[in-house]
Amino acid sequence: MCDLAMPSRFRRLMLSLRLIGAMLPALAVSADMVGAAASPSFQELAVAGLERSSALAAADFDGDGGIDLAIVGEERGRPSALLLGWGSGRFERELARVSLPESCDLAAAGDFDADGDADLAVAALGGEAIHWFRGGSGGLEPAGSIALDGRITAWLAGEVNRRDGLADIVVATDDELGAQLQVFEHPEGALAGPPERTSLPAAAGSLAVGRLDGDAYRDIAVAAGGRTLLVPGRDRRLSLGAQFSAAVPAPSLRDLDLPFEVASLAVADFAGDSRLELALLDRDGEVHLLGFGGAAEPLRSAEVSFDRVGRFGPAWVSAGTRLYAARLSPGGRASLLALAPGGGEIARLDGGGRGLGRAAFDLLPLRLDRDAFDDLAVAGPDGVTLLLGDPVATYTVNSTGDASDEDTGDGLCDTGGLVGGDPECTLRAAIQQANATAGADAVEFAIAGSPPHTIAPASALPAITEA
């Protein structure tokens, strides 16, 4: 199986590639094939972090163009956050170390003040405040705390409603007056204004964001009291000023009225069909995949189709189990991971729903190498560990020609010709080699000369298949 990947060093060269006359076919995957590929093995790499690590976030916090890892936990019994920069194949450069107002087990990255730098927000489950730190060349600078109406039961950071390039923060809370969803969204940064509040029928235990109902806006999916709720996205017109934003109708809340009780949920392309689906973990450990019919108004349960796609074991059915989506296998689909609460074990649905033999307090999918798949950062009882996917076979296209591979059995992309003294590797030859090699492979491009480069196949390119 091959994935076409463009490493960052080639993106910086602004390589422009055109395919004329033949397009690469999409790989069709049905919903019941979610994560059907075999689980990859991982290389483990320990990270020198805090004495106790409970939450993770990643972004370019210091603005140097590389990814940084924020580790939230405790050092010598004091709540702390540590910021490490990536270099030489590991997180080893300490960029900042800051004290936190309270012990936190939630962390998120985003540009929360619209200054172009990634910031860090942290909080505690059961806590009543968001604490945040400004990023920049100095690492992390304390920016303050924001009090909430109620105790935090779930949260996430990501763009909601109309996309504007800034991460928003969605917090579910609960108190004596009832459960709420509080959405922090503002054109000057999510934390620049008060949240928009929506009452919930019960405390939410899980949140997810994505375009789910067919329109251009990003919706919020909520698991609350066993029910699956949808807050449809809309344009709040915040950038136009109070006169226009005040005229926007209040958010609506739709109950999908499913025939099972939901404990946790996640949004990703789990079916490999280039559409987002909702993965739902019910209270019996069954996992259901929901696809939407595309009609934005009105959304009724009859317009939602769902399939049972697997099962997690009893350890992952308890309240507080978190679901994560990560691309760990070929085929363009995300794998579903579950993390039992309180430092429980990680399980992977396409690994039979069984545990991976690793306990964790938090799990963070991120890209650290040049392949097309996610790596995993794990905050566990023994510190932070990186799980790096085994290197895939990589075929580098260096020619705009269309010749076939000379020998698909030798593991080399080589048409028999030469390009600058090196064996010629065409896109056709690279696909042929990838198809002949079992497992996940990557196709990269390093074509000499000024872009754009045009590849004009004389006939249809080979279908991308598993050998």
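Located above this text is the structure these notes cover.
As a convention, each chain's residues are numbered from 1 in the sequence order in which they are written. The predicted origin of the model limits local features to residues at a pLDDT of at least 70 and limits the giving and counting of side-chain atom pairs to 80 or more, whereas totals for whole chains, interfaces and linings rest on all residues. Only heavy atoms go into the side-chain values, all of them from the structure, while hydrogens and water stay out.

> Help me out: how do you make sense of the overall build of the protein chain in this one?
Per the convention used, a helix needs a DSSP run of H or I reaching at least four residues, while a strand needs a run of E reaching at least two, with both numbered from the N terminus. Along its length, the protein chain carries three helices and 35 strands. In what follows, a contact means two residues having at least one pair of non-hydrogen atoms within 4.5 Å. The long-range share in the protein chain, meaning contacts at least 24 apart out of those at least 6 apart in sequence, stands at 51%.

> Whenever I open this one, helix 3 (residues 427–436) confuses me. Can you help?
Every α-helix carries 3.6 residues per turn, so stepping three or four residues along brings you back to the same face. Each residue's exposure class comes from its accessible area (1.4 Å probe, protein chains only) as a fraction of the maximum for that residue type: buried when under 20%, exposed when over 50%, partly exposed otherwise. Counting buried residues in helix 3 gives eight out of 10 residues, a clear majority hidden from the surface. Of all the positions in helix 3, only Leu427, Arg428, Ala429, Ala430, Ile431, Gln433, Ala434 and Asn435 are classed as buried.

> Honestly, the packing of aromatic side chains in this entry has me stumped. Any pointers?
Aromatic ring pairs: the centre-centre distance and the angle between the two ring planes describe each pair. Each pair of aromatic rings taken from Phe, Tyr and Trp, with Trp reduced to its six-membered ring, is defined by centres within 6.5 Å and is described as stacked if the planes are under 30 degrees apart, edge-to-face if over 60, and tilted in the remaining cases. Here the structure, examined in full by the defined rule, presents one aromatic pair. Positioned above the aromatic ring of Phe361 is the side chain of Arg52, whose terminal nitrogen or guanidinium carbon lies 4.8 Å from the ring centre. Either the NZ atom of lysine or the CZ atom of arginine qualifies as a charge over a ring when it sits within 6 Å of the ring centre and within 35 degrees of the ring normal.

> How do you make sense of the sheet that holds strand 10 (residues 129–136) when you look at a structure like this?
In a beta sheet, neighbouring strands pair by backbone hydrogen bonds and run either parallel or antiparallel. The strand order across the open sheet built from four strands is 8-9-10-11, with neighbouring strands paired in antiparallel fashion. In this open sheet, the two edge strands, each paired with only one partner strand, are strand 8 (106–110) and strand 11 (139–147). Adjacent strand axes in the sheet meet at a mean angle of 20° when their direction is disregarded. Whether two strands pair depends on DSSP finding at least two bridges between them. When strand 9 (residues 119–123) meets strand 10, the two strands line up antiparallel, connected through three bridges. In the strand pairing of strand 10, Val122 is matched with His131. For every element, the axis is a line fit to its C-alpha atoms; helices are fit only across the contacting stretch, and the angle between N-to-C directions ranges from 0 to 180 degrees.

> Just to check I follow, could you spell out unusual backbone geometry for this structure?
Only a minority of non-glycine residues have a phi that is not negative, and only a minority of peptide bonds are not trans. Pro451 connects to Pro452 through a cis peptide bond whose omega is 5°. Considering the arrangement of structural elements, one finds Pro452 in the loop between strand 34 (441–445) and strand 35 (453–455). The backbone of Asp257 shows a phi angle near 55°, a positive value even though the residue is not glycine. Mapped onto the fold, Asp257 is located in the loop between strand 19 (254–255) and strand 20 (262–268).

> Explanation requested: the pattern of salt bridges in the structure shown.
Between side chains of opposite charge, a pair can form as their charged atoms come close. By salt bridge we mean one thing: a side-chain nitrogen of Lys or Arg within 4 Å of a carboxyl oxygen of Asp or Glu. All chains considered together, the criterion is met by 18 salt bridges. Its salt-bridge partner being Glu94, residue Arg97 comes within 3.0 Å of it at the nearest N-O pair. The class for Arg97 is partly exposed, based on a relative accessible area of 41%. Since its relative accessible area comes to 47%, Glu94 is described here as partly exposed. Glu286 is paired through a salt bridge with Arg311; the nearest N and O atoms lie 2.5 Å apart. Taken as a pair, Glu286 in strand 22 (residues 286–292) and Arg311 in strand 23 (residues 304–311) lie far apart in primary sequence, 25 residues in all. Residue classification places Glu286 among the buried residues on the basis of a relative accessible area of 16%. Several salt bridges converge on common partners, so that one network encompasses Glu185, Glu196, Arg234 and Arg236.

> Looking at this structure, how should I read the sheet that holds strand 27 (residues 355–359)?
Reading across from one edge, 24-25-26-27 is the order of the four strands in this open sheet, with antiparallel pairing throughout. Of all the strands in the sheet, the pair left with one neighbour each is strand 24 (322–326) and strand 27. Averaged over neighbouring strand pairs, the angle between their axes works out to 25° when direction is ignored. In this sheet, strand 26 (residues 345–348) lies alongside strand 25 (residues 335–339) in antiparallel orientation, the contact comprising three bridges. Of the residues in strand 26, the one forming a bridge with Leu337 is Arg348.

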